[in-house]
Amino acid sequence: MTNADHSALAKSSSQLAGPGDYFALLKPRVMSLVVFTAFVGMVAAPGVLHPALALISLLAIAVGAGASGALNMWWDADIDAVMSRTLKRPIPAGLVPRSEAAAFGGFLSALSVALLALASNYLAAGLLAFTIFFYVVIYSMWLKRSTPQNIVIGGAAGALPPVVGWAAVANAAPLESWVLFTIIFLWTPPHFWALALFKRGDYELAGIPMMPNVKGDLSTRRQVFAYSVVLALAGLAPYFVGMVSAFYLIAAALLGGWMVWLSWLVLKASAEDFGPAKKLFGFSIFYLFAVFAAILVERLVAIYV
Amino acid sequence: MSDEKQRLPTPTSYGLTPEEMAMRKKRNLAIALGLGVFIIIIFAVTILRIGGAVADRSF
């Protein structure tokens, strides 16, 4: 091997990757939603956890979510390289080698689970480990490339953080925590299928069997509407299990009503009109944030006022 | 074959460019920072978990 060969090898490894590129492997935007929903789970749970331990637990959950993001990028590097939305991720951009992303994600997974076990309890740590396993193995490795129900079932991984947060404080996972799980679980299909409607070409190119390119646009639009209706109803559930007051019920009803209205516009839109789908995608993010923020406000008011 | 091997220069480094060296330094600092934070967190968790119970034992 010549010096030139060594130099070429060096260029193909991570010599130009900065800490920011490794941070990007953690999918910070997804991580922020995980942290927020887990935090709401922690605040909503009955029980007392030292504020510093709660903060460290939240950090462990964030790192766990980030680790599963890195492992997902490791596994999906081939399809990330053909989709416009994911083309600039650190692996397809040639900044971080796949093997390093795998090692980074694996190491952080173990670290996050161990840290959560130390800071809170084994139930929360076990749930976090299961979340990472479900996202990486069940969703990324198995479902994503094999069925249009990929994001429906895989959505369970994204829905678990509030249960993990609840368990971290209460050392239990009662019905109320699963109500929060259900809201995110039912939110996932209309959110991702709205995206898939106007990014259909990307998914087709990558060979991912998303609902629009398997069952067609119309079937997807119908399912988006159906899931939005069920989601709007499930969004009211925290009131009926006694977690929150009528203030939340009104807020959730208004938000859910708007979600259903936007999904109705998606259903009624012409085949080439993706405007309503883009609007629904944007609003769905706000919906989830607002519903969880309303629960958070309710619980904080109940605790401090 | 063995003659050819002897003629090839033995590489002593990857010959990093100044930009690559700067990035490596940044990565090293990030690892050091991460390690420092990890140590502080484990120490804090230990102290908080033991809490007042450290005195509740028979000597």
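Each value, and the rule that gives it
- Residues numbered from 1 in each chain as written.
- Chains lettered and ligands numbered in written order.
- Predicted model: local features only at pLDDT ≥ 70, side-chain atom pairs only at ≥ 80, totals over all residues.
- Heavy atoms only, no water.
- Phe/Tyr/Trp six-rings, centres within 6.5 Å; stacked < 30°, edge-to-face > 60°.
- Helix = DSSP H or I, 4+ residues; strand = E, 2+ residues; numbered from the N terminus.
- pLDDT = per-residue confidence, 0-100.
- Contact = heavy atoms within 4.5 Å.
- Domains from an automatic or database assignment.
- Buried area = accessible area lost by both parts, 1.4 Å probe.
- Salt bridge = Lys/Arg side-chain N within 4 Å of Asp/Glu carboxyl O.
- Polar contact = N/O pair within 3.5 Å; in protein donor to acceptor, adjacent residues only side chain to side chain.
- Nonpolar A, V, L, I, M, F, W, Y, C, P; charged D, E, K, R; others polar.

Our focus in this paragraph is the packing of aromatic side chains. All names here are of chain A. For the structure shown, the criterion picks out 13 aromatic pairs over all chains. Note on phenylalanine 198 and phenylalanine 281: the rings are 6.0 Å apart at their centroids and 75° apart in plane angle, and the pair reads as edge-to-face. Of this pair, phenylalanine 198 sits in helix H10 (residues 175-198) while phenylalanine 281 sits in helix H16 (residues 275-304), placing them 83 residues apart in sequence. Members of the aromatic cluster, joined through ring pairs, are Phe130, Phe133 and Phe134.

So, about the confidence of the model for chain A. Residue and element names in this part refer to chain A. When pLDDT is averaged across chain A, the result is 92; 95% of the residues are at 70 or more. Of all the helices and strands in chain A, helix H1 (residues 3-12) carries the lowest mean pLDDT, 44, while helix H9 (residues 161-170) carries the highest, 98. Between residues 1-11, whose pLDDT stays under 50, and residues either more than four places distant or in other chains, the model counts 14 contacts.

Turning our eyes to something else, we now look at the domain arrangement of chain A. It is common to give the size of an interface as the accessible area that goes away when the parts come together. Residues and elements named next belong to chain A. Under the domain assignment used here, chain A contains domain 1 (22-173) and domain 2 (174-305). For domain 1 versus domain 2, the separation of C-alpha centres amounts to 21 Å. Contacts between the two partners involve 33 residues from domain 1 and, on the opposite side, 36 residues from domain 2. Approximately 3000 Å² of surface area, both sides summed, lies buried where domain 1 meets domain 2, with 78% of it carried by carbon and sulfur atoms. It is Pro148, Ile151 and Trp166 in domain 1 that bury the most area against domain 2; as a group they hold 19% of the surface buried on that side. Where domain 1 meets domain 2, there are zero salt bridges. Taken together, domain 1 and domain 2 are joined by five residue pairs in polar contact (both at pLDDT 80 or more). The set of elements that each furnish at least two residues to the side of domain 1 that touches domain 2 consists of helix H3 (28-44), helix H8 (150-159) and H9. When grouped by side-chain class, the residues that make up the side of domain 1 that touches domain 2 number 21 nonpolar, nine polar and three charged.

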